[in-house]
Amino acid sequence: NLTIYFIRPKTALKIILVIGLAGLTFSGYLSYWELFRGTCQNSLISCGAGAAPVTTYLKYPACVYGFFIYLLVTLIAILGLARKEKPQV
């Protein structure tokens, strides 16, 4: 017997919001160290793998792009949770 469990949309949005906030915090932390401190070598978490250079795209570290993607995910989840549901007929 195969049972499929469905998550309600509001519950899914809450889970996405938590993941978005966690990613926003993590990538924001790395972005801060990389942009304003110049390196992540002395931070809690290292940006690169050992002595390898940090991955960049258009002169910005990848963590900066991650920050904006997680910001977008977080905002979409907040907007989805704030939206009022229409009563079903």
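What counts and what doesn't
Residues numbered from 1 in each chain as written. Predicted model: local features only at pLDDT ≥ 70, side-chain atom pairs only at ≥ 80, totals over all residues. Heavy atoms only, no water. pLDDT = per-residue confidence, 0-100. Helix = DSSP H or I, 4+ residues; strand = E, 2+ residues; numbered from the N terminus. Phe/Tyr/Trp six-rings, centres within 6.5 Å; stacked < 30°, edge-to-face > 60°. Buried < 20%, exposed > 50% of the residue type's maximum accessible area, 1.4 Å probe, protein only. Contact = heavy atoms within 4.5 Å. Expected span 1.5 Å × (residues − 1).

(A) Broad picture of the confidence of the model for the protein chain. Overall, the predicted model of the protein chain reaches an average pLDDT of 80, with 72% of residues at or above 70. When pLDDT is averaged over each helix and strand of the protein chain, the minimum, 70, is found for strand S1 (residues 56-57) and the maximum, 91, for helix H2 (residues 62-82).

(B) Spotlight on the packing of aromatic side chains. Under the definition given, this model contains one aromatic pair. A centroid spacing of 5.4 Å and a plane angle of 80 degrees characterise the contact between Phe67 and Phe68, whose relative ring orientation is edge-to-face. Take Phe67: its relative accessible area is 26%, and that puts it in the partly exposed class.

(C) Representation of the side chain of Thr74. Relative to the helices and strands, Thr74 is located in helix H2. Each residue touching Thr74, except ones within four places of it in the same chain, is listed here: Leu17, Gly20, Leu21 and Leu24.

(D) Representation of the environment of Pro9. Residue placement: Pro9 occurs in helix H1 (residues 9-36). Sequence separation of Pro9 and Gly80 is 71 residues, and the distance between their C-alpha atoms is 9.0 Å.

(E) Expanded view of the environment of Leu24. Within the secondary structure layout, Leu24 lies in helix H1. Residue classification places Leu24 among the buried positions, given a relative accessible area of 17%. In this view, Leu24 contacts Phe67, Tyr70, Leu71 and Thr74; residues no more than four positions away in its chain are not counted.

(F) Layout of H1. The end-to-end C-alpha distance of H1 is 39 Å, a good match for the 40 Å that 28 residues give at a rise of 1.5 Å each. For H1, every residue scored as buried is listed here: Leu17, Gly20, Gly23, Leu24, Ser27, Gly28, Leu30, Ser31, Trp33 and Glu34. Directly beyond the C-terminal end of H1, a positive phi value near 90 degrees is found at Gly38.

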